[in-house]
Amino acid sequence: MKILITGGAGYIGSVLTPTLLAQGYDVTVLDNFMFRQNSLADCCQYEGFQVVRGDCRDEAVVKELLSDADVIIPLAALVGAPLCQKDKISTQTTNFEAVKMLCSLASNDQRILMPVTNSGYGIGEAGKFCTEDTPLRPISLYGVTKVEAEKAVLERENSITFRLATVFGMSSRMRIDLLVNDFVYRAVHDRAILVFEGHFKRNYIHIRDVAKVFLHGIKNFEKMQGKPYNVGLEDANLSKLELCEEIKKHLPKFVYIEAPIGEDPDKRDYIVSNARILNTGFEPEWSLNRGIKELIKGYTILRNSLYSNI
Ligand SMILES: NC(=O)c1ccc[n+]([C@@H]2O[C@H](COP(=O)([O-])OP(=O)(O)OC[C@H]3O[C@@H](n4cnc5c(N)ncnc54)[C@H](O)[C@@H]3O)[C@@H](O)[C@H]2O)c1
C-alpha cells in the first residue's frame, strides 16, 4: 500500500512516517521543510521512502504525487493559533484551500485520513463531556481553518478524521510550544511557571498513540470510514493546574503559580469522550506520566541556549 503524507516532516509526521515505513508501507512525503528540520534523515534507509521538497498548495506537484497513492494523510499546515495569526493568508491557503484542492483531485477510491484539532469543543458547555456530535465552534483562525478542512474531507467518500487532543511527547522535529511539552520544558529548565486559566480543562494524547491511531485507521478503514473520531486519553481530562501536579510528582522542586497573564485564543475548557474510537478496538499505550518521564529525558538533550554560554 502506498501512502502520501503532506507535511510529513513535522512534529507528528516525524514519528508517523518512520512508524509506517517500519510496518512495510511505501511512504512519500511532500514537505516544504519550513523549519529547516532534518527529522526524516533516518527514513532515507528505506527503499519504500520517497521525499519531495515542495508546496502542498502546488496543484501540479500534488496531482502527480496523487497518481500513485492509495492512502493520503494531509498533515501540512500552519499549526497553532499564534503562528496562524502571524500569517493569515498562508494559513487560509495551506490549512483549508490546499486540503480542498486535494479532495477535488483525489479519486473516489483513494482514502484520506486527516488530523484536526478539537479546539472549540465545549465553549459554553463546561462540565459536559463532548462527543463527536457536539458542535465545533472554534474562535481562532487556526481552529476555523481546521474545522473547514474537516468538513471538506468528510463531505467526500472514503475519509476519516481524527480530532486530536493536545499532543505530547518527543519527536525528532520537536515542538515545545504544545501545552504538556511546554510545561515540562519549563519545569526542567526554569523550575517554575506562571499559569493562566489554571482551572481550564484540556485532554491529551501521546504522539506515538497518534501514529498508532493512523495505523488503526488504515487497517480498519472500511468499518471506520465517513466519520470523525475524538482521540485522547480517557483518564487525562485534566486542568492545567492538575497537569502541573502530575509534573511535580516527577520534579518535586517544580513551582507553579496562577496569575491572570493571558487567555487561550480558542477558550478551550472542556472534557472529551473518546468512546467512539475506543469502540473500534483502539487502545492508547502511553499514559501522561510515561510521557512526562520521556520528556524529562528528552530535555536533557534539548535546550534553547543559542545565545547563551551555558
Ligand atoms: N500537534 C498537535 O497537538 C495537533 C493536534 C491536532 C491536530 N494537529 C494537526 O496535525 C498536523 C501536523 O501538526 P504538527 O504538530 O506535526 O505541526 P508541524 O508544524 O510540526 O508540522 C507541519 C508540517 O507541515 C509542513 N508545511 C507547512 N506548510 C507547508 C506547505 N505549504 N507545503 C508543504 N509542507 C508544509 C511543515 O514544514 C511541517 O513539516 C496539522 O495538520 C495539525 O493541524 C496537530
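For the structure, check the block above.
Residues numbered from 1 in each chain as written. Predicted model: local features only at pLDDT ≥ 70, side-chain atom pairs only at ≥ 80, totals over all residues. Heavy atoms only, no water.

On to the pattern of salt bridges. Pairing of side chains with opposite charge becomes possible as their charged atoms draw close. In total, this model carries 9 salt bridges according to the counting rule given. With its nearest N and O atoms 2.7 Å apart, the salt bridge here joins Glu150 to Arg163. Residue Glu150 is located in helix H5 (residues 141-155), and its partner Arg163 is located in strand E7 (residues 159-164); the two are separated by 13 residues in the primary sequence. Using a relative accessible area of 7% as the deciding quantity, one classes Arg163 as buried. Between Lys212 and Glu285 there is a salt bridge, and its shortest N-O distance comes to 3.1 Å. Separated by 73 residues along the polypeptide, Lys212 in helix H7 (residues 207-219) and Glu285 in the loop between helix H10 (275-278) and helix H11 (288-301) bring together distant segments of the chain. (Salt bridge = Lys/Arg side-chain N within 4 Å of Asp/Glu carboxyl O. Helix = DSSP H or I, 4+ residues; strand = E, 2+ residues; numbered from the N terminus. Buried < 20%, exposed > 50% of the residue type's maximum accessible area, 1.4 Å probe, protein only.)

Among the residues of helix H9 (residues 240-250), Lys240, Leu241, Leu243, Cys244, Glu246 and Ile247 are the ones counted as buried. Buried residues belonging to H9 abut helix H6 (179-189), strand E9 (192-195), strand E10 (201-206), strand E12 (237-239), strand E13 (255-258) and H11. (Contact = heavy atoms within 4.5 Å.)

Let's shift gears to the packing of aromatic side chains. Under the defined criterion, the tally for this structure stands at 4 aromatic pairs. Look at Phe162 and Phe214: their rings are 5.1 Å apart centre to centre, the planes differ by 80°, and that puts the pair in the edge-to-face class. Of the two residues, Phe162 is situated in strand E7 and Phe214 in helix H7; the sequence distance between them amounts to 52 residues. You'll find Phe162 and Phe214 in the same group, each marked buried. Relative to Tyr229, the ring of Phe162 has its centre 6.4 Å away and its plane inclined at 45°; by these criteria the two rings are tilted. Of this pair, Phe162 sits in strand E7 while Tyr229 sits in strand E11 (residues 227-231), placing them 67 residues apart in sequence. For Tyr229, a relative accessible area of 1% gives the class buried. The ring of Phe196 carries the charged tip of Lys240 above its face, separated from the ring centre by 4.0 Å. For the cation-ring pair, Arg290 lies above Trp286, with the distance from its terminal atom to the ring centre recorded as 3.6 Å. (Phe/Tyr/Trp six-rings, centres within 6.5 Å; stacked < 30°, edge-to-face > 60°. Lys NZ or Arg CZ within 6 Å of the ring centre and 35° of its normal.)

A word on the packing of H6 against H11. Running from N to C, H6 and H11 point in directions that differ by 50°, and their axes come no closer than 10 Å. Taken together, the axes of H6 and H11 are oblique relative to one another. As for how H6 packs across H11, the hand of that crossing is right-handed. Taken together, the residues of H11 that come into contact with H6 (itself represented by Val180, Asn181, Val184, Tyr185, Val188 and His189) are Leu288, Ile292, Leu295, Ile296 and Tyr299. Residues belonging to the contact of H6 with H11 are distributed by class as follows: 9 nonpolar, 2 polar and no charged. (Axes fitted to C-alpha atoms, helices over the stretch in contact; angles between N-to-C directions. Parallel < 35°, antiparallel > 145°, perpendicular 65-115°, else oblique. Left-handed = near helix turned anticlockwise from the far one by under 90°. Nonpolar A, V, L, I, M, F, W, Y, C, P; charged D, E, K, R; others polar.)

Okay, the nonpolar core next. Counting residues in hydrophobic clusters, the biggest one holds 65 residues, and the most contacted among them are Ile5, Leu20, Ile73, Phe162, Tyr204, Phe214 and Ile247. The residues touching Phe214, leaving out its near neighbours within four places in the chain, are Leu16, Ile73, Leu75, Leu113, Met114, Pro115 and Phe162. Counting 22 residues, the second largest nonpolar core, distinct from the first, contains Leu66, Ala69, Ala98 and Ala149. (Core = buried A, V, L, I, M, F, W, Y, C linked by side-chain atoms within 4.5 Å.)

Bear in mind that shape data such as this cannot, by itself, settle questions of function.
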